[in-house]
Amino acid sequence: PLHSYVLSYGGVVGLAWSRVLSSVVQVAFTLAALHWLDGLVGPALGVFAGALVELVLLAWMTRRVGPAPAIRSRVASEWRLDVNDASAALVINAAVFATVRIDALVLARISPLAVVASYCVAGRIVDQSYVLAKQVSSGLLPLLRDGSERARALEIGTTLLTGLVAPGMIALALLGGPLLAVWAGAAGASEIARVSVALLGIAAVASAFGDMACSMLTHTAKSPWSGALPIGSGAIVNVGLTLGLAPSYGYGAAAAGTIAGVLTTTSYVWYRMMREDLACASQLMILLKRLVVTASASALLAVLCLPLPATLPWALLSCGLVVIVGLGVALWSGWPRLRTRSASEEVACPVASSTSRNGHVGCHAPC
């Protein structure tokens, strides 16, 4: 909650420094603890120290960037609103937890340990790549507080995020074999890991297409449930398909369940956006066509790079080239609109300018 509060008031630089300092503390504590302690206690102490430092810094920034948030409500109606908000947040976090954990839990019961390890390695590298790419759109979230800038923030954020995620996932799936091997050794070099990266990469691209829309929906809606219901629905689809199909079809069914769940969430988010007049079909189609063009150009370039030697230097070079070219195509295809159109003319449909009473920003859709 403190992170979202600071971000909603534009404290992006402060958040970045708090994350840097917490990372430094975590690494320092981990190295020191590993020197004196055996086992996993050292890394655990490092994580705890880093999280504690970040929490203290966030609490300090909360007091500086905006009005101090009320810690206690004395009116019964405010308590009911707080419980409603907290319930929506609980649903979101429970859905994300179930989505992240269900695949490994099911596969651990039905598949050999090598399969589970390869699948988890693929999921981890896709997740980390997505988190890194998502930082480019985080700086646009404060613009969602301004009704005149929301449409522009939605289009720029979606273009940037999909312009990084789609080429990145294509590059990892087709050219990233040496990178996976360096990441996790034999588990990352297996065929299972490469197939899992390709399948989970599709889910990452679908999540990127709905991420900024979900943030906008949550921020402008009158109820936090506008963002919680799509995420909860996607989690239900994901868990249901994984439990029903993975015992018979293995890791491919688990990945398919993730794809179906993310597509459900993204589709539901855009449906709610259009239903609440926050976006329109023309804007959706423009962004979707831009994603198709970006993915097609990235896939073509990746295929042309396949004959290159399968070594780490060439893999880094080819993957970086695919990402740079893919992002360039995304920006080029949307440059006339992103550069010349004013915020009020960004879409040809009405965009609500009301703000939510609770100022929610950000929606952690599962990848």
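Going along each chain's sequence as written, the residues are numbered from 1 onward. Per-residue local features are limited, in this predicted model, to residues with pLDDT of at least 70; the limit for side-chain atom pairs, both in listing and counting, is 80 or more; totals at the level of whole chains, interfaces and linings are taken over all residues. Hydrogen atoms and water are omitted, and side-chain values are computed over all heavy atoms in the structure.

**Some points on the state of the cysteines**
Short version of the rule: Count a disulfide wherever a pair of cysteine sulfur atoms falls within 2.5 Å. The rule is simple: take the accessible area with a 1.4 Å probe, protein chains only, and divide by the maximum for that residue type; under 20% is buried, over 50% is exposed, in between is partly exposed.
Evaluation of the coordinates by the stated rule reveals 0 disulfides. C319 supplies the cysteine sulfur nearest to C305, a cysteine that is in no disulfide, at a spacing of 8.7 Å. For C305, a relative accessible area of 8% puts it in the buried group.

**Considering the confidence of the model for the protein chain**
Put simply, the rule reads: A score from 0 to 100, pLDDT tells how confident the predictor is in each residue. Going along the chain from the N terminus, every DSSP run of H or I of four or more residues is numbered as a helix, and every run of E of two or more is numbered as a strand. Only heavy atoms enter the contact rule, under which two residues are in contact if any of them lie within 4.5 Å.
On average, the protein chain scores 83 in pLDDT, and the residues at 70 or more come to 87%. Considering each helix and strand of the protein chain separately, the mean pLDDT is smallest for helix α8 (residues 186-189), with a value of 77, and largest for helix α12 (residues 281-305), with 93. Taken as a whole, residues 341-348 scores under 50 in pLDDT and shows 14 contacts with residues more than four places along the chain or in a different chain. Across residues 350-367 the pLDDT falls below 50, and counting only partners more than four positions away or on other chains, this stretch makes 64 contacts in the model.

**A short note on the pattern of salt bridges**
Let me state the cut-off plainly: Here, a salt bridge means any side-chain nitrogen of Lys or Arg that lies within 4 Å of a carboxyl oxygen of Asp or Glu.
Counted by the stated rule, this structure contains 5 salt bridges. Here K134 ties to D211 by a salt bridge, and the two come within 3.2 Å at their closest N and O atoms. Taken together, the residues K134 in helix α5 (residues 113-138) and D211 in helix α9 (residues 191-220) connect sequence positions 77 residues apart. Classification of K134 by relative accessible area gives buried; the value is 18%. Given the relative accessible area of 2%, D211 is considered buried. Salt-bridge contacts for R194 lead to E191; the nearest nitrogen and oxygen are separated by 2.8 Å. One end of the pair, R194, and the other, E191, are both in helix α9, 3 residues apart, so they sit about a helical turn from each other.

**Looking at the packing of helix α6 (residues 150-175) against α9**
Packed helices, taken two at a time, are described by their axes: the angle between them and the distance between them. Applicable threshold: Structural elements are reduced to axes, namely lines fitted to C-alpha atoms, with helices fitted over the stretch in contact, and the angle between N-to-C directions of any two is expressed from 0 to 180 degrees. To sort the angles, those under 35 degrees are grouped as roughly parallel, those over 145 as roughly antiparallel, those from 65 to 115 as roughly perpendicular, and the leftovers as oblique. Note on residue classes: Ala, Val, Leu, Ile, Met, Phe, Trp, Tyr, Cys and Pro are nonpolar, Asp, Glu, Lys and Arg are charged, and everything else, Gly too, is polar.
At a minimum axis distance of 9 Å, the contact between α6 and α9 shows a crossing angle of 170°. When the axis of α6 is compared with that of α9, the two are roughly antiparallel. The class makeup of the residues in the contact of α6 with α9 is 18 nonpolar, 6 polar and 2 charged.

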